[in-house]
Amino acid sequence: MNNLKISNSLTRSKDLFKPINPKNITMYVCGPTVYADPHVGNGRSLIVFDLLYRVLIKLYGQKNITYVRNITDVDDKIIETSKTKGIPIDKITSDAAKNFHKNVKDLNCLEPTIEPKATKHIKEMIKMIDSLIEKKLAYLNNGHVYFLISEFKNYGKLSNKKLDDLVPGSRVEVSKLKKNPLDFILWKPALTDEPSWDSPWGRGRPGWHLECSVMSEKYLGKTFDIHGGGLDLLFPHHENEIAQSCANNSTDVLANYWIHNGFLTMNKEKMSKSLGNLETISEVSGKYNGQAIRLALLSAHYKQPLEWSDNLLEQSKATLEKWYELYDEAESNIDNSEIFSCLLDDLNTPKYFAKLHELYNVASKGDKTKRVEFNEACRLIGIFNQKKDVLAKEKQDLSNVDKKYILQKIEERIKARKVGDFKLADKIRDELSKNGIAIKDKDNNTEWEYK
Ligand code: AMP
Ligand code: ZN
């Protein structure tokens, strides 16, 4: 049976997926805030929901799915970045969006059906705030509009938190404009040089949570099937989306299935811009094929944390190169229900990979059908999208980049030694060594080799 089971944060259990309408599956995933280069942690979220999309496509057909992934192009962080860098906001957001799309392509993620931008939905946002105020679910105070949390009885249901436990402690500064410390912003007044729109409450801009409520309702309706994002969005972002949407529409449910991916960590902490423990997708895809990055990010179950490391990437790269030995262009509709069942079980990629290895072993003995099956199974998770010769050429290009880098480092080391800076010379040797390159000083030359 083609039954998808998926971990649902709302019920805290693994639930059988039952769409509201199998002819129109509806999925909303919180997309990027466009102000900086996305890191591979953001890439994990992208790839996890891309995989879910691919599974849904296989089960229901692409034409029967509406997948919405928004772009947040108005936000405090964008404004701050524009101020500190002295670059106009429009340029920051359009450059970051362009870069994001390149990353999405490099990671071979499918395009969503709709990619709405927040700034193109301000009118609808104002309408929703108006409606909330009208229903006495929101209030205006000094140009700010807040959602009145006490009016929504189910607050905390998604994140399993009780209102009493949530009241911020003394360390958190609470705005005096709020009636309840947990009330959250729907509209905030803008300073003169900030992006702003006219509204009944003065010039200003919408709150972040509101954006997703408005865009999901516009494209998917008041109640839809799946809502996704990283674990950090569960609270308060998703909890607040539910509060304002359900309160406004007098509904019990915003989305039936709430799916959250676990964190990609670096040095055991969540990869994040604020901590600075990150690698951008652009950096990594300059050194590794996007398919290897994809394999690395899918190597753990999506709910579990995953530690990012060179070792993980190297292993994924080796696996990809090995699997490509059996690459076959022929497409077919072979039955791969056995291996597919691993994905139907809460997107169990570790199990899927184990089966792929087994399939590879059988297929490499010359069984043609198994080879086709293996290729199909690779394509299903978004790899084998490039022909073998393209991959080989890219590998060659990447190794030319490597060589340029190595020769440059050797040059720097020679210079350092010449001026007696042996500390720097040793540092460069160590750096090369860490990247798998051994160097040897011979006569007046420096030779190098891959270790
Ligand atoms: P942002 O642009 O910061 O709103 O993040 C975009 C998406 O990436 C959201 O779904 C986040 O939850 C997710 N995300 C951010 N950091 C990580 C991380 N270290 N690991 C996994 N997902 C993350
Ligand atoms: Zn959102």
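Residues numbered from 1 in each chain as written. Chains lettered and ligands numbered in written order. Predicted model: local features only at pLDDT ≥ 70, side-chain atom pairs only at ≥ 80, totals over all residues. Heavy atoms only, no water.

### Notes on the overall build of the protein chain
Now for step 1: Along its length, the protein chain carries 15 helices and 15 strands.
Now for step 2: Projected onto its principal axes, the C-alpha positions of the protein chain cover 80 × 65 × 35 Å.
Now for step 3: Here the protein chain, with 451 residues, has 50% of them falling under the buried criterion.
Now for step 4: Restricting to contacts in the protein chain with at least 6 residues of sequence separation, those with at least 24 account for 75%.
Now for step 5: In the structure as shown, the protein chain presents an accessible area of about 22500 Å², 50% of it carried by carbon and sulfur atoms. (Helix = DSSP H or I, 4+ residues; strand = E, 2+ residues; numbered from the N terminus. Buried < 20%, exposed > 50% of the residue type's maximum accessible area, 1.4 Å probe, protein only. Contact = heavy atoms within 4.5 Å. Areas by Shrake-Rupley, 256 points an atom, 1.4 Å probe, with all protein chains shown as cover.)

### Structural notes on the coordination of the zinc ion (ligand 2)
In an ideal octahedron of six donors the angles at the metal are 90 or 180 degrees, and in an ideal tetrahedron of four donors they are 109.5 degrees.
Now for step 1: Looking at the zinc ion (ligand 2), one finds its protein donor set to be Cys30 (SG), Cys212 (SG) and His237 (NE2), positioned 2.1 to 2.2 Å from the metal centre.
Now for step 2: Spacing between the donor residues of the zinc ion (ligand 2) along their common chain follows C-x181-C-x24-H. Placement of Cys212 in helix H6 (residues 208–220) and of His237 in helix H7 (residues 234–249) is noted, with a sequence separation of 25 residues between them.
Now for step 3: Cys212 sits in the buried class, given a relative accessible area of 1%. (Donors = N, O, S within 2.8 Å, 3.2 Å for Na, K, Ca; no water.)

### Some points on the pairing of strand E6 (residues 144–147)
Now for step 1: Of the two faces of E6, the one carrying His144 and Tyr146 and the one carrying Val145 and Phe147 are both buried.
Now for step 2: Two strands pair when backbone bridges link them, and strand E5 (residues 138–141) and E6 are joined in this way by 4 bridges, in the antiparallel orientation. Its bridge partner lying in E6, Tyr139 is registered against Tyr146.
Now for step 3: Two strands pair when backbone bridges link them, and E6 and strand E7 (residues 185–189) are joined in this way by 2 bridges, in the antiparallel orientation. (Pairing = 2+ DSSP bridges.)

### Structural notes on helix H3 (residues 89–106)
Now for step 1: In this model, H3 (18 residues) spans 26 Å end to end at C-alpha, consistent with the 26 Å of a helix rising 1.5 Å per residue.
Now for step 2: Residues Ile89, Ile92, Thr93, Ala96, Ala97, Asn99, Phe100, Asn103 and Val104 constitute the buried set of H3.
Now for step 3: One or two positions beyond H3, positive phi appears at Asn108, with a value near 55°. (Expected span 1.5 Å × (residues − 1).)

### Quick notes on the sheet that holds strand E9 (residues 224–230)
Now for step 1: Taken together, the 4 strands give an open sheet; going across it, the order is E4-E3-E9-E10, and neighbouring strands pair in parallel fashion. In the strand order of this sheet, the two ends are held by strand E4 (65–69) and strand E10 (255–261), each with one partner. Across the sheet, the mean angle separating the axes of adjacent strands is 20° when strand polarity is ignored.
Now for step 2: Sheet analysis places strand E3 (residues 25–29) next to E9, joined by 3 bridges and oriented parallel. Among the inter-strand pairings, Tyr28 is bridged to a residue of E9, identified as His227.
Now for step 3: Strands E3, E4, E9 and E10 of the sheet are contacted by helix H1 (residues 40–60), whose axis makes an angle of about 175° with E3. (Axes fitted to C-alpha atoms, helices over the stretch in contact; angles between N-to-C directions.)

### Here's the deal with the nonpolar core
Now for step 1: Counting 70 residues, the largest nonpolar core has Leu52, Trp308, Tyr352 and Phe374 as its most contacted members.
Now for step 2: If you tally residues by element for this core, the top one is H1, at 12 residues.
Now for step 3: Not counting the four nearest positions on each side in its chain, Tyr352 is found in contact with Ile339, Phe340, Cys342, Leu343, Ala377, Leu380 and Ile381.
Now for step 4: Of all hydrophobic cores here, the second largest spans 41 residues; its members include Tyr28, Ala118, Ala247 and Trp258. (Core = buried A, V, L, I, M, F, W, Y, C linked by side-chain atoms within 4.5 Å.)

### What to know about the sheet that holds E7
Now for step 1: On the basis of which strands lie adjacent, the open sheet formed by 4 strands has the order E5-E6-E7-E8 and antiparallel pairing. The sheet is open, and its two borders are formed by E5 and strand E8 (204–206), each paired with just one other strand. On average, each strand axis in the sheet is inclined to that of its neighbour by 20°, with strand direction left out of account.
Now for step 2: Bridge count between E7 and E8: 3 bridges; the pairing is antiparallel. Residue pairing across strands places Pro189 opposite Gly204, the latter belonging to E8.
Now for step 3: Contacts from helix H4 (residues 122–134) reach E5, E6, E7 and E8, with the element oriented near 115° to E7.

### Digging into the packing of H4 against H7
Any two packed helices are characterised by how steeply their axes cross, that is the angle between the axes, and by the distance between the axes.
Now for step 1: The interhelical angle for the contact between H4 and H7, taken along N-to-C directions, is 65°, at an axis separation of 10 Å. Here the hand of the crossing between H4 and H7 comes out left-handed. Contacts between H4 and H7 pair Met128, Ser131 and Leu132 from the former with Gln244, Ser245 and Asn248 from the latter. (Left-handed = near helix turned anticlockwise from the far one by under 90°.)

### Focus on the environment of Gly262
Now for step 1: Mapped onto the elements of the fold, Gly262 is located in the loop between E10 and strand E11 (264–266).
Now for step 2: Setting aside chain neighbours within four positions, we find Gly262 in contact with Arg44, Tyr302, Lys303 and Gln304.

### Re the site of ligand 1
Now for step 1: The immediate surroundings of ligand 1 are formed by 16 residues, with Gly41, Gly230, Asp232, Leu264 and Met271 found nearest.
Now for step 2: Within the side chain of Asn42, an N or O atom sits 3.1 Å from an oxygen atom of ligand 1.
Now for step 3: Asp232 has a polar side-chain atom sitting 2.4 Å from an oxygen atom of ligand 1.
Now for step 4: For ligand 1, the protein covers 92% of the area, taking 490 Å² as the surface of the free molecule.
Now for step 5: Counting residues per element, the ones that place at least two in the shell around ligand 1 are H1 and E9. (Near = heavy atom within 4 Å. Polar contact = N/O pair within 3.5 Å; in protein donor to acceptor, adjacent residues only side chain to side chain.)

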